Amino acid sequence: MAPAATASIYDTITNQIIAALERKGVDLPCPRCGHTAFDVVGEPDLLLKEGGWVTSSEVLPTALIACRWCGFLCRHALRVLLEPPAPAVADTGRGADAARVAQAEA
Ligand SMILES: [Zn+2]
């Protein structure tokens, strides 16, 4: 029997992460090698210890993204990545800056 039922749970999470990265304009190339192909390689939890800017120990769900060429890894906090963008944030985000640059270059 094909493992479709088990794979579909992870496919759904991966597709949600990819859609959120696209929706929020997270499309810059790899900061180490400049390539533009990435994979979602997992959703590991990050344990934050109390102290500094964290007021209590907390488990932070993350998405782990890897560059397909050099393997550079980066993480996104899923709580922030998967939430819909607030209008005020979208207006001051990189997308707005990119639009201003495009207007200035036109
Ligand atoms: Zn890379």
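Undergrad: Where do I start with the nonpolar core in this structure?
TA: Where a protein is soluble and globular, its nonpolar side chains tend to be buried together. Counting residues in hydrophobic clusters, the biggest one holds 5 residues: Ile 17, Phe 38, Ala 63, Ile 65 and Cys 67. Of all the elements, strand 3 (residues 58-67) adds the most residues to this core, at 3 residues. Apart from the residues lying within four places of it in its own chain, the contact partners of Ile 17 are Val 40, Ala 63 and Leu 81.

Undergrad: Would you take a moment to explain the pairing of strand 3 for this structure?
TA: Side chains on a regular strand alternate between the two faces of the sheet. Here strand 1 (residues 38-42) runs beside strand 3; their pairing, made up of 4 bridges, is antiparallel. Looking at the pairing, Phe 38 lines up with Cys 67 of strand 3. Of the strand pairs in this sheet, strand 2 (residues 45-48) and strand 3 are connected by 4 bridges, and their pairing is antiparallel. Paired with Leu 48 across the strands is Glu 58, a residue of strand 3. Pairing analysis gives 5 bridges linking strand 3 to strand 4 (residues 73-77), with the strands arranged antiparallel. Bridge pairing in strand 4 places Leu 64 opposite Arg 75.

What counts and how
Numbering of residues begins from 1 in every chain and follows the order in which that chain's sequence is written. In keeping with the model being predicted, local features are shown solely for residues with a pLDDT of at least 70 and side-chain atom pairs are shown and tallied solely at 80 or more, while totals for entire chains, interfaces and linings include all residues. Each nonpolar core consists of buried Ala, Val, Leu, Ile, Met, Phe, Trp, Tyr and Cys residues. Their C-beta atoms, within 7 Å, join them into a set. For every residue, the other C-beta atoms within 10 Å of its own C-beta are counted; 20 or more classify it as buried, 12 or fewer as exposed, and values in between as partly exposed. C-beta atoms are placed from the backbone. Secondary structure follows DSSP: runs of H or I at least 4 residues long count as helices, runs of E at least 2 residues long count as strands, and numbering of each begins at the N terminus. In this description, any two residues whose backbone-derived C-beta atoms lie within 7 Å of each other are considered to be in contact. Strands qualify as paired when DSSP identifies two bridges or more between them.

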